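Descriptive structure summary
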Amino acid sequence: MTIDFYHMIGSPPCSFVEMTFAALGLESKVKHHFVDFLANEQFTPEYLKMNPQHTAPTIVDDGFILWESRAICKYLVDKYSKGNALYPVDVQARAVVDQRLDFDLDTLYGRFTEYYFTHFFEGKPLEESGVKKIQEALGFLDTFLANTKYAAGSGLTLADLTLLVTVSVIEAANVSVKEYPNIVRWYDLVKSTAPKLAAINDKYLKDFIDFFDGLAKK
Ligand SMILES: N[C@@H](CCC(=O)N[C@@H](CS)C(=O)NCC(=O)O)C(=O)O
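Residues numbered from 1 in each chain as written. Predicted model: local features only at pLDDT ≥ 70, side-chain atom pairs only at ≥ 80, totals over all residues. Heavy atoms only, no water.

Quick notes on the UniProt feature "domain: GST C-terminal" (unreviewed entry) in the chain
Threshold: UniProt positions are given in the numbering used here, feature names are shortened, and annotations may be inferred rather than shown by experiment. For helices the rule is a DSSP run of H or I covering at least 4 residues; for strands it is a run of E covering at least 2, with both sets numbered from the N terminus onward.
UniProt records the feature "domain: GST C-terminal" (unreviewed entry) at residues 90-211, using the numbering of this structure. In residues 90-211, helix accounts for 80% and strand for 0%; the two terminal C-alpha atoms are 40 Å from one another.

Observations regarding the domain arrangement of the chain
Quick note on the threshold: Where each domain begins and ends is defined by an automated method or by a domain database. Contact criterion: two residues are considered in contact whenever any of their non-hydrogen atoms come within 4.5 Å of each other. Simply put, the buried area is the total loss of 1.4 Å probe accessible area from both parts when two parts are fitted together. Basic side-chain nitrogens of Lys or Arg form a salt bridge, by our definition, when they fall within 4 Å of a carboxyl oxygen of Asp or Glu. Counting of polar contacts relies on pairs of N or O atoms within 3.5 Å, with two restrictions inside protein: one atom must be capable of donating a hydrogen and the other of accepting it, and residues adjacent in sequence are counted only when both atoms are side-chain atoms. Just so you know the grouping, Ala, Val, Leu, Ile, Met, Phe, Trp, Tyr, Cys and Pro go in nonpolar, Asp, Glu, Lys and Arg go in charged, and all remaining residues, Gly too, go in polar.
Here the chain is partitioned into domain 1 (3-80) and domain 2 (91-217). Taking only C-alpha atoms into account, the centre of domain 1 sits 20 Å from that of domain 2. Counting residues at the interface gives 24 residues for domain 1, matched by 21 residues for domain 2. If you sort the residues of domain 1 by the area they bury against domain 2, Pro 12, Met 19 and Arg 70 come out on top, with a joint share of 34%. On inspection of domain 1 and its partner domain 2, the count reaches four salt bridges. The partner of Arg 70 in a salt bridge is Asp 104, with the nearest N and O atoms 2.9 Å apart. In this assembly, domain 1 and domain 2 are joined by six residue pairs in polar contact (both at pLDDT 80 or more). Elements with a contribution of two residues or more to the side of domain 1 that touches domain 2: strand S1 (3-7), helix H1 (12-23) and helix H3 (69-80). Looking at the side of domain 1 that touches domain 2, its residues break down into 14 nonpolar, five polar and five charged.

Details of the packing of helix H4 (residues 91-122) against helix H6 (residues 158-172)
Put simply, the rule is: To obtain an axis, a line is fitted to C-alpha atoms, over the contacting stretch when the element is a helix, and the angle between two such axes runs from 0 to 180 degrees between their N-to-C directions. Here is the rule for angles: anything less than 35 degrees is roughly parallel, anything more than 145 is roughly antiparallel, 65 through 115 is roughly perpendicular, and the remaining ranges are oblique. If you view the pair so one helix is near and one far, a crossing is left-handed when the near helix is turned anticlockwise from the far one by less than a right angle, and right-handed when it is turned clockwise.
For the pair H4 and H6, the least separation of the axes is 9 Å and the interaxial angle reads 15°. Regarding the angle of H4 to H6, the classification is roughly parallel. Note that H4 runs across H6; the crossing there is left-handed. Note on element contacts: H6 touches H4 through Leu 158, Ala 159, Thr 162, Leu 163, Thr 166, Val 167, Val 169 and Ile 170, opposite Val 97, Arg 100, Leu 101, Phe 103, Asp 104, Leu 108, Tyr 109 and Phe 112. Class assignment for the residues of the contact of H4 with H6 results in twelve nonpolar, two polar and two charged.

Side note on the packing of aromatic side chains
Here is the rule we go by: Between rings of Phe, Tyr and Trp, where Trp is taken as its six-membered ring, a pair exists when centres lie within 6.5 Å; planes separated by under 30 degrees are stacked, by over 60 edge-to-face, and by other angles tilted. Partly exposed describes any residue whose relative accessible area lies between the buried limit of under 20% and the exposed limit of over 50%, with all areas from a 1.4 Å probe on protein chains only and scaled to the type maximum.
Inspection of the entire model under this criterion finds 23 aromatic pairs. Ring plane angle 70° and centroid distance 5.8 Å describe the contact between Phe 112 and Phe 117, whose orientation is recorded as edge-to-face. Residue class for Phe 112 comes out buried when judged on its relative accessible area of 0%. Relative accessible area serves as the criterion here: at 18%, Phe 117 is assigned to the buried category.

Structure (structure tokens):
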């Protein structure tokens, strides 16, 4: 059994999926396919046939094709480790994880991409108003974390993994998180709870930083 994993260099959502593979002990089943988006490899007819939205991460699991990192990670837990606390089966516990995942997609990471990626890929200026929106979202996360040890309750879940990725790229873009005491406490906690997963993210983060440093010098 092989899970084909289409990934891009330094990609935050690919980091989240790669961490989930490791958290579930699936590494030996994963076949990596590097997609060079600078060479437009996501626009080849073969790739578009598989994923018309031309994004990575995309997985193909025994013929089943799926993209969108959060959907992929939820699928992986349900398919390969049903009942795993990373994505709880209890309806309300799961709903809180889903809320945090959606908060990340739409608000925290969403605002970050609007600020950072539109600058590098669409030539828009790095606006102070964009930083303010990210800071507001960090404030929301800090408030959530005032009431829970981890992002969605008393234990590590998929929400912690995606939020770890997002907070790390926000810091890499020189938006400080030090002013948010609950985020600082949680960030250290997640890294010490899951050092192997944090190391995977560090590798992606290094590539992310190198990539954008390279673009900034152009
Ligand atoms: N919401 C998606 C975002 C996927 C995404 O935009 N990935 C980027 C790489 S980080 C990509 O594929 N860019 C190339 C393109 O859109 O053509 C997810 O979480 O998987």
